[in-house]
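A look at the structure
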Amino acid sequence: MLATQVLGLSVERLRELNLPLGLRLWTGESVMPRERPRVTISVRSPRVLTSLLNPTAGQLARHYVEQELDIDGDLREAMRLCEALSSGPILKCRRFRLGNWNWHTRSADRSAIRFHYDVSNDFFALWLDRRMVYSCAYFRDPSDALDLAQEQKLDHICRKLRLKPGERFLDIGCGWGALVMWAARHYKVRATGITLSQEQCDLARKRIEDAGLRGTCDVQLVDYRDAPETQPYDKIASVGMFEHVGRKNLPAYFAKIFRLLRPGGLVLNHGITAGAVDQMELGRGIGEFVDDYVFPGGELVHISKVDEEVGRAGLECCDVENLRPHYPKTLWHWVDRLVAKREAAVAAVGEKAFRVWSIYMAGSAHAFERGWISIFQMLAARPPQDGAWPLPLTRDFMYRTGPLSAQSR
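1. Some remarks on the overall build of the protein
Counting secondary structure elements, the protein contains 15 helices and 13 strands. Carbon together with sulfur atoms contributes 52% to the accessible area of the protein, which is approximately 17,900 Å² in total.

2. Remarks on the layout of surface pockets
Of the volumes computed, that of the largest pocket is approximately 230 Å³. Lining the largest pocket are 15 residues, and of these Tyr64, Ile71, Gly73, Leu75 and Val339 lie nearest its centre. When residues of the lining of the largest pocket are traced back to their parent elements, those giving at least two are β4 (69-72), α4 (75-85), α13 (326-340) and α15 (351-370). Sort the elements by how many residues they give to the lining of the largest pocket and α13 lands first, with 4 residues. Tallied by class, residues from the lining of the largest pocket come to 7 nonpolar, 2 polar and 6 charged.

3. What to know about the nonpolar core
Burial of nonpolar side chains together is a common tendency in soluble globular proteins. Counting residues in hydrophobic clusters, the biggest one holds 70 residues, and the most contacted among them are Trp127, Trp334, Trp357 and Met361. The leading source of residues in this core is α15, at 10 residues. The residues contacting Met361, other than those within four sequence positions of it, are Trp127, Leu331, Trp334, Val335 and Leu338. Counting 35 residues, the second largest nonpolar core, distinct from the first, contains Val180, Val239, Leu379 and Leu404.

4. As for the sheet that holds strand β8 (residues 217-221)
The 7 strands are arranged β8-β7-β6-β9-β10-β13-β12 in an open sheet whose pairing can be described as mixed. The two strands at the open ends of the sheet, each matched to only one other strand, are β8 and β12 (316-322). Going across the sheet, the axis of each strand differs from the next one's by a mean of 15°, ignoring polarity. Of the strand pairs in this sheet, strand β6 (residues 168-172) and strand β9 (residues 233-239) are connected by 4 bridges, and their pairing is parallel. Each bridged residue has a counterpart across the sheet, and for Ile172 the counterpart in β9 is Ser238. Against the sheet, α15 makes contact with β10 (261-274) and β13 (373-381), and its axis sits at roughly 75° relative to β13, the strand it touches most.

5. Description of the sheet that holds β4
Strand order in the open sheet made by the 4 strands is β2-β1-β3-β4, with mixed pairing throughout. Each edge of the open sheet is held by one strand with a lone partner, namely β2 (30-31) and β4. As defined by bridge partners, strand β3 (residues 39-43) adjoins β4 across 4 bridges and the pair is classed as antiparallel. Pairing of Ile41 across the sheet is with Ile71, part of β4.

6. Some words on the confidence of the model for the protein
Per-residue pLDDT for the protein averages 88, and the proportion of residues at 70 or more is 88%. Counting interchain partners and residues more than four positions distant, the pLDDT-below-50 stretch residues 95-101 has 6 contacts.

7. A short note on the environment of Arg130
Structurally, Arg130 is set in the loop between α6 (121-127) and α7 (146-160). You can call Arg130 partly exposed: its relative accessible area is 49%. Among the polar contacts listed, one links the side chain of Arg130 to the side chain of Glu151, at a separation of 2.6 Å.

8. A closer look at unusual backbone geometry
A positive phi angle, close to 55°, is found at Arg162, a residue other than glycine. Position of Arg162 among the secondary structure elements: in the loop between α7 and β6. The backbone of Lys188 sits at a positive phi, close to 55°, despite the residue not being glycine. With respect to the helices and strands, the residue Lys188 is situated in the loop between α8 (178-187) and β7 (190-195).

9. What about the packing of aromatic side chains?
Note on aromatic pairs: each is described by the distance of the centres and the angle between the planes. Throughout the structure, instances matching the rule amount to 19 aromatic pairs. With 5.8 Å between their ring centres and 70° between their planes, Phe123 and Trp127 make a pair best called edge-to-face. Of this pair, Phe123 and Trp127 both sit in helix α6, 4 residues apart, which is roughly one turn of that helix. Accessibility classification places Phe123 together with Trp127 in one group, the buried group. Ring geometry for Tyr327 and Phe368: centres 4.7 Å apart, planes at 40°, overall tilted. Taken as a pair, Tyr327 in helix α13 and Phe368 in helix α15 lie far apart in primary sequence, 41 residues in all. Residues Tyr327 and Phe368 agree in their burial class; the two are buried.

10. Overview of the packing of α4 against α13
As a packed pair, α4 and α13 sit with axes 11 Å apart at the nearest point and diverge in direction by 120°. Classified by the angle their axes make, α4 and α13 are oblique. Each of Leu75, Arg76 and Met79 in α4 lies in contact with α13, whose residues at this interface are Trp332, Val335, Asp336 and Val339. Considering only residue class, the contact of α4 with α13 consists of 5 nonpolar, no polar and 2 charged.

About the thresholds
Residues numbered from 1 in each chain as written. Predicted model: local features only at pLDDT ≥ 70, side-chain atom pairs only at ≥ 80, totals over all residues. Heavy atoms only, no water. Helix = DSSP H or I, 4+ residues; strand = E, 2+ residues; numbered from the N terminus. Areas by Shrake-Rupley, 256 points an atom, 1.4 Å probe, with all protein chains shown as cover. 1 Å grid on protein atoms, 1.4 Å probe; cavity = no way out; pocket = protein on both sides within 12 Å on 5 of 7 lines; lining within 4 Å. Points joined across faces, edges and corners; volume = space filled by probe spheres on them. Nonpolar A, V, L, I, M, F, W, Y, C, P; charged D, E, K, R; others polar. Core = buried A, V, L, I, M, F, W, Y, C linked by side-chain atoms within 4.5 Å. Buried < 20%, exposed > 50% of the residue type's maximum accessible area, 1.4 Å probe, protein only. Contact = heavy atoms within 4.5 Å. Pairing = 2+ DSSP bridges. Axes fitted to C-alpha atoms, helices over the stretch in contact; angles between N-to-C directions. pLDDT = per-residue confidence, 0-100. Polar contact = N/O pair within 3.5 Å; in protein donor to acceptor, adjacent residues only side chain to side chain. Phe/Tyr/Trp six-rings, centres within 6.5 Å; stacked < 30°, edge-to-face > 60°. Parallel < 35°, antiparallel > 145°, perpendicular 65-115°, else oblique.

Shown next as structure tokens:
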């Protein structure tokens, strides 16, 4: 009786919203809109009906991951309908849950990084580009293939940092080594990457060996807080890593970069930021879903907070670039590639992990498209004693006019 009442209320709500969304029940019954549905939800559990009375995006994502519902239709359209269906504020400050008080200690960060990245190298290789770059690509043209767009991103970073032969270059949170390999091969620097992921470290070292770059670049399993400061670096990059640092640790993070960098040296910080000044996570249950299934302890801050902490550390902000239009394009490439390799992905990591990553990346793409979150590259310098400006007068040096084909080997 109660299930029938819940079903009736859920159906009534869907019809009131008048969305092009169909509902298919485990009983074989279907509830369809007047027009042809763009997405159909197949409900496998009565709990989904209860959620549909007042749904949040996080609840629906959990039901999908736990195989209590299936999605039939394009994930882009599914994300738009999920937004229309869900309730609650989309931007909010984080309210720490019990047990999260010890986030961003060395041991907690090590566990979080391994939870997120040590899924399976083979799994990531299914849907990343050939260099396995797990961060926002750089599309000089909307039609750029993912492989090219990621090479353009690597080169864009190197050009911003004005890498020169023989310089010491550090990549904090280096992933599978794509940036250190690119910098060593094409800019002849002595490159070091550090990561907390054992699987990333092992594969990066193998890729360096296979590419004949041993001796010019290296990857080490090191927490950024423990990176040796005995010999300063000329240039530093941190790409897609500072989201793991935690708000409370940002002063220590940028202070550490300051100490690792020689006077006159440059650092590029590339990371996801909050879309609003006081926002620290996405609402509607999205932040909690990401914490539990994908990215434990992740915290976002607004770009203004990044600039503040950079300045407090003694670094000087030289240039800021908003890459928000580039990330949804990157994410949809990843989603499409993952979905196309679903069978292999499930064989590698299981059905649940496949669902976690597909819905997480699709939701992230939608969040970037809507401006709920953003991503910036900030170029900063450790000022030399004489205060000399470390860059040319214009930004021309950042932009390549010719193709990357000659460098892509």
